[in-house]
Amino acid sequence: MEDSMKDSMKWWLDSRFGMFIHFGIFAASEGKWKGQESPGLVEWMQCREQIPVAQYRKFAEKLTLENFRAEEYASLAKAAGMKYVVFTAKHHDGFAMYDSKCSDYNVVKMCLPHRDVARELADAVRKAGLKMCFYYSQALDWEDPDAFGNTWDFQEEQKVYRRFLDGKCKTQLKELLTEYGEISLIWFDMPKGMTVDESLELKAYVKQFQPDCLVSGRVNMNQTIGDYGSMGDNEFPSGKLPGHWETPATLNNTWGYRPSDHNWKTPEELLRLLIELLSKGMNYLLNIGPMPDGRIPQESVEILTEMGRWIAVNKEAVYGTQATPYEFDYPWGRISRKENVLYLYLFEHMEKLELPGLENRVKSASLLTEAGRI
Ligand code: GLC
């Protein structure tokens with residue numbers, strides 16, 4: 001990963017908190033196949049159950065979008081205090097959530113309302129003053145015979161990844177980068193099977209259309225090429241990491257919508273995890289998995305709105321903060337900094353707090369506000 005603080009990284013570093021949206025044809029499956037719950041990540045079900053494309057595509061009928069309102073997504077992200085939105089333009093199943101001219105396997109052609117979900121979202125998100133970003137699965141594509149992954153419809157020996165890379169992958173990326181306005185980040189994922197040169201080529205390809213568009217660490221296997229690194233899903237580092245990192249994470253167990261998944265984290269738990277990341281100088285990319293009719297699950301709305309209340313009051317200790325200068329954590333809470341200001345996030349009420357190791361005189365110490373309590 002490049003460690004230099006580039007201008008194009010500034011918005012990302014200042015943001016600290018973003019919204020991931022996993023929405024695709026997989027949402028319409030609700031995690032069930034042949035009437036049975038298929039345990040595991042919903043968006044991986046096609047692969048897990050080896051569902052032929054000819055059958056899987058029928059889920060498109062159930063992606064009704066009748067209650068999809070992009071402004072609600074944008075205003076929820078804003079209310080939550082999130083500064084950017086990363087939307088699954090195409091996940092591993094290969095189904096594009098926008099009006100792709102290069103592949104008819106997309107939401108506009110195959111779902112009845114013929115709505116360009118990505119365009120509606122991009123417009124609403126930018127209107128709300130947030131950055132629009134796309135997730136794009138660049139190696140796995142279970143609809144394409146040449147991409148990695150689908151060995152139940154297509155023969156492994158006949159796959160030529162280069163054909164997919166130069167074909168659907170690059171053509172769709174070009175569509176997304178030339179027809180959808182300013183895109184601030186392409187969130188690549190699961191590069192397994194690609195060579196380093198192919199990953200480098202893809203990064204350069206993105207920058208050719210939008211030089212300031214960032215590229216996620218998962219563009220290559222060892223995260224040495226992207227503009228910043230992504231931890232494993234729901235993973236939190238035990239110490240500070242060199243360079244710039246984020247943690248992509250779920251509110252419950254899965255990314256795509258599963259009605260039976262009620263394992264929601266509480267706003268308190270999530271704020272602690274956010275604070276954990278702030279103290280390491282990292283971003284938190286928190287996911288929502290919309291329902292097939294486009295509604296955002298009510299639990300997600302409530303949890304994120306609650307988080308946003310705390311963040312609104314404590315925004316000074318969120319946006320633009322950097323990692324703690326300390327090499328260790330205290331049991332009472334976490335620390336971040338902005339130039340010569342330290343932000344202390346206390347996990348419990350304390351009468352007295354000692355902060356050893358400071359070499360200059362403390363000019364002042366104050367509570368951001370009483371309302372800042374979780
Ligand atoms: C994983 C999964 C995927 C999910 C992603 C989010 O790599 O393959 O389903 O989109 O993580 O971080």
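As a reminder, the structure under discussion sits directly above these lines.
Residues numbered from 1 in each chain as written. Predicted model: local features only at pLDDT ≥ 70, side-chain atom pairs only at ≥ 80, totals over all residues. Heavy atoms only, no water.

Student: Which parts of the structure should I look at to understand helix α11 (residues 298-313)?
Tutor: It helps to recall that an α-helix has 3.6 residues per turn; residues three or four apart then point in one direction. The end-to-end C-alpha distance of α11 is 23 Å, a good match for the 22 Å that 16 residues give at a rise of 1.5 Å each. Burial in α11 covers these residues: Ser300, Ile303, Leu304, Met307, Gly308, Trp310 and Ile311. The buried residues of α11 occupy an angular sector of 165° when the element is viewed end-on, so they sit on one face. Packed against the buried residues of α11 are β1 (17-21), α5 (70-80), α10 (267-279), β10 (283-288) and β13 (341-346). (Helix = DSSP H or I, 4+ residues; strand = E, 2+ residues; numbered from the N terminus. Expected span 1.5 Å × (residues − 1). Buried < 20%, exposed > 50% of the residue type's maximum accessible area, 1.4 Å probe, protein only. Arc of directions from axis to C-beta. Contact = heavy atoms within 4.5 Å.)

Student: I tried to follow the site of the ligand on my own but got confused; where do I start?
Tutor: Taken together, 14 residues lie near the ligand, and His22, Glu43, Trp44, His91 and Asp233 sit nearest. One of the side-chain nitrogen or oxygen atoms of aspartate 233 is found 2.6 Å away from an oxygen atom of the ligand. Isolated, the ligand exposes 310 Å² of accessible area, and the fraction of that covered by the protein chains is 96%. By residue class, the composition of the shell around the ligand is seven nonpolar, three polar and four charged. (Near = heavy atom within 4 Å. Polar contact = N/O pair within 3.5 Å; in protein donor to acceptor, adjacent residues only side chain to side chain. Areas by Shrake-Rupley, 256 points an atom, 1.4 Å probe, with all protein chains shown as cover. Nonpolar A, V, L, I, M, F, W, Y, C, P; charged D, E, K, R; others polar.)

Student: Which parts of the structure should I look at to understand the environment of asparagine 283?
Tutor: Turning to its location among the elements, asparagine 283 is positioned in strand β10. Owing to a relative accessible area of 0%, asparagine 283 belongs among the buried residues under this scheme. In sequence terms asparagine 283 and glutamate 157 are 126 residues apart; their C-alpha atoms lie 40 Å from each other. Among residues more than four places away in sequence, those in contact with asparagine 283 are Trp12, Leu13, Arg16, Tyr84, Trp245, Glu246, Thr247 and Leu277. A polar side-chain atom of asparagine 283 sits 3.0 Å from the main-chain carbonyl oxygen of tryptophan 12.

Student: What is the right way to look at the packing of aromatic side chains in this model?
Tutor: Where two aromatic rings form a pair, the distance of their centres and the angle of their planes describe that pair. As enumerated under the stated definition, the model contains 23 aromatic pairs in all. Both rings, one in phenylalanine 20 and one in tryptophan 255, keep their centres 5.7 Å apart while their planes meet at 75°; by these two values the pair is edge-to-face. One end of the pair, phenylalanine 20, is in strand β1; the other, tryptophan 255, is in the loop between β9 (245-249) and α10, with 235 residues separating them in the sequence. The residues phenylalanine 20 and tryptophan 255 share a single accessibility class, namely buried. An aromatic cluster of three or more residues is present, and its members are Phe20, Tyr135, Trp187 and Trp255. (Phe/Tyr/Trp six-rings, centres within 6.5 Å; stacked < 30°, edge-to-face > 60°.)

Student: Can you help me understand unusual backbone geometry in this one?
Tutor: Most peptide bonds adopt trans geometry, and most residues besides glycine take a negative phi value. With phi around 60°, leucine 65 is a residue other than glycine that occupies positive phi space. The residue leucine 65 is located in the loop between α4 (53-56) and α5 in this model.

Student: I'm lost on the packing of helix α8 (residues 161-179) against helix α9 (residues 196-209) in this one. Help?
Tutor: The angle between the axes and the distance between the axes are what describe a pair of packed helices. Two numbers describe how α8 lies on α9: the axes approach to 10 Å, and their chain directions differ by 25°. Regarding the angle of α8 to α9, the classification is roughly parallel. Like other packed secondary-structure pairs, α8 and α9 cross with a definite hand, here right-handed. In this structure, α8 uses Tyr161, Arg162, Leu165, Asp166, Cys169, Lys170, Thr171, Leu173, Lys174, Leu177 and Thr178 to contact α9, whose residues at the interface are Glu198, Glu201, Leu202, Tyr205, Val206 and Phe209. Considering only residue class, the contact of α8 with α9 consists of nine nonpolar, two polar and six charged. (Axes fitted to C-alpha atoms, helices over the stretch in contact; angles between N-to-C directions. Parallel < 35°, antiparallel > 145°, perpendicular 65-115°, else oblique. Left-handed = near helix turned anticlockwise from the far one by under 90°.)

Student: I would appreciate a short explanation of the sheet that holds strand β6 (residues 185-189) in the present structure.
Tutor: One key point about sheets: their strands pair by backbone hydrogen bonds, in either a parallel or an antiparallel sense. The sheet built from eight strands is open, its strands ordered β7-β6-β5-β4-β1-β10-β9-β8 with parallel pairing. In this open sheet, the two edge strands, each paired with only one partner strand, are β7 (214-215) and β8 (229-230). Where β1 and β10 come together, five bridges link them in parallel fashion. Within the sheet, the bridge partner assigned to phenylalanine 17 lies in β10 and is tyrosine 284. Running over the sheet, α5 touches β1, β4 (84-90) and β10 and is turned about 150° from β1. (Pairing = 2+ DSSP bridges.)

Student: Is there a simple way to explain the pairing of β6 in this structure?
Tutor: On a regular strand, each side chain points to the face opposite its neighbour's, so the side chains alternate between the two faces of the sheet. Most of β6 sits inside the fold, with five of its five residues counted as buried. Across the two faces of β6 the burial is the same, with Leu185, Trp187 and Asp189 and Ile186 and Phe188 all buried. Relative to β6, strand β5 (residues 131-137) is paired through five bridges, and the arrangement is parallel. Counterpart to tyrosine 136 in the pairing with β6 is phenylalanine 188. With respect to chirality, the unit in which β5 leads through α8 into the neighbouring parallel β6 is right-handed. Bridge analysis of β6 against β7 gives two bridges, and the strand direction is parallel. Bridging from a neighbouring strand, leucine 185 pairs with leucine 214 of β7. At this point the chain moves from β6, through α9, to the parallel β7, and the crossover so formed is right-handed. (Right-handed = clockwise from strand over helix to strand, strands pointing away.)

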